[in-house]
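# Remarks on the overall topology
Below are the chains, spelled out letter by letter.
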Amino acid sequence: MSTSDPAGDGLGLRGIHVAVPDGPGTRTLLDAVDLDVAPGEVLVITGSSGSGKSTLLAVAGLLRRPDRGEVLVAGTPTAELSERRRTALRRERIAIVYQSANLLPALTAREQLELVGHISGERRSQARGRAAQLLEELGLAGRADQLPAKMSGGERQRVGIARALMARPTVLLADEPTASLDGALSAEVAGLLAGEARGRGLAAVIVSHDDAPLAHAERHLHLAGGALKAITTVAG
Ligand SMILES: Nc1ncnc2c1ncn2[C@@H]1O[C@H](COP(=O)(O)OP(=O)(O)OP(=O)(O)O)[C@@H](O)[C@H]1O
Ligand SMILES: [Mg+2]
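Rules behind the numbers
Residues numbered from 1 in each chain as written. Chains lettered and ligands numbered in written order. Predicted model: local features only at pLDDT ≥ 70, side-chain atom pairs only at ≥ 80, totals over all residues. Near = placed C-beta within 6 Å. Helix = DSSP H or I, 4+ residues; strand = E, 2+ residues; numbered from the N terminus. Nonpolar A, V, L, I, M, F, W, Y, C, P; charged D, E, K, R; others polar. Axes fitted to C-alpha atoms, helices over the stretch in contact; angles between N-to-C directions. Parallel < 35°, antiparallel > 145°, perpendicular 65-115°, else oblique. Contact = placed C-beta atoms within 7 Å. Buried ≥ 20, exposed ≤ 12 C-beta atoms within 10 Å, placed from the backbone. Pairing = 2+ DSSP bridges.

### Thoughts on the site of ligand 1
The full set of residues close to ligand 1 is Val20, Pro21, Leu29, Gly47, Ser49, Gly50, Ser51, Gly52, Lys53, Ser54 and Thr55. Among the secondary structure elements, those contributing two or more residues to the shell around ligand 1 are strand S1 (11–22) and helix H1 (53–60). A total of three residues in the shell around ligand 1 trace back to one element, the largest contributor, which is H1. By residue class, the composition of the shell around ligand 1 is three nonpolar, seven polar and one charged.

The structure is reproduced here in structure tokens:
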């Protein structure tokens, strides 16, 4: 990857500024934030509650427009795009995983994934095959016909990750993906998420309160006072 175009096929943030109303004034949450995440790179962002981590992910995921700055998704600048084009780019390129998997209660694990293929116009047989393979990879082959209500929290979260990958994103954003899981499960899900992202060459950003994802990240940044600071290189 050339250093002159670091956003390349990954994710790039340029001079992102976000301020929110705070009493009679405003509070700067993100102060000229720059960030590049390369394909296959897993980045973890930590920061205290209210520091702006979810806001940063919402900006990177094209769910929220910053007051200033540019977001590059797979090299495409997005600031000037219409809301319709941003939505289309998000659907095509970006997968977002939250603390809760938000599965559809009436669909089995397999159906949650197949629906994603259906929405993107994929042939039924192909979607079925990819769904089965993803469930297998995430250790869910035996749970394919289970409804969410019958799954454990860890299983639901793994189905959520499989569903996110089913969309064949370029960028994977995860907001506290392991926060609702306990120790061992949290570590396992974090490892799966990071491993799948890296193996598929996705640019991945994981926001986390707990330490589980840190062991699986190439880079760790800390958000405080509106700025991202490098902490240490953990793995990779
Ligand atoms: N649209 C908005 N209007 C007003 N305040 C907002 C808005 N969006 C975010 N905030 C405030 O900005 C701050 C940062 O919110 P954000 O959700 O990004 O923090 P966070 O780092 O994800 O916190 P947590 O770790 O608790 O999830 C919070 O104080 C929140 O109330
Ligand atoms: Mg948050």
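### Re the packing of helix H5 (residues 153–166) against helix H6 (residues 183–199)
Look at H5 against H6: their axes get within 10 Å of each other, and the N-to-C directions meet at 10 degrees. Accordingly, the angle class assigned to the pair H5 and H6 is roughly parallel. In this structure, H5 uses Gly154, Gln157, Arg158, Ile161 and Leu165 to contact H6, whose residues at the interface are Leu185, Val189, Leu192, Leu193 and Glu196.

### Considerations on unusual backbone geometry
At Asn102, a position not held by glycine, the phi torsion is positive, near 50 degrees. Within the secondary structure, Asn102 sits in the loop between strand S6 (94–97) and helix H3 (109–119). By the C-beta count within 10 Å, which is 11 here, Asn102 ends up exposed. Its identity is not glycine, yet Arg168 carries a phi of approximately 50 degrees, on the positive side. Along the chain, Arg168 falls in the loop between H5 and strand S7 (171–175).

### Points about the sheet that holds strand S3 (residues 42–46)
Ordered by their spatial adjacency, six strands build an open sheet running S6-S7-S8-S3-S9-S10, and the pairing between neighbours is mixed. The sheet terminates laterally at S6 and strand S10 (227–232), the two strands that pair on one side only. Across the sheet, the axes of successive neighbouring strands diverge by a mean angle of 20 degrees, strand direction being ignored. Looking at chain direction, S3 and strand S8 (residues 203–207) are connected through four bridges and run parallel. Bridging from a neighbouring strand, Ile45 pairs with Val207 of S8. In this fold H1 packs onto S3, S7, S8 and strand S9 (219–224), with an angle of close to 155 degrees to the strand it touches most, S8. Contacting S6 and S7, H5 crosses the sheet at an angle of about 170 degrees to S6.

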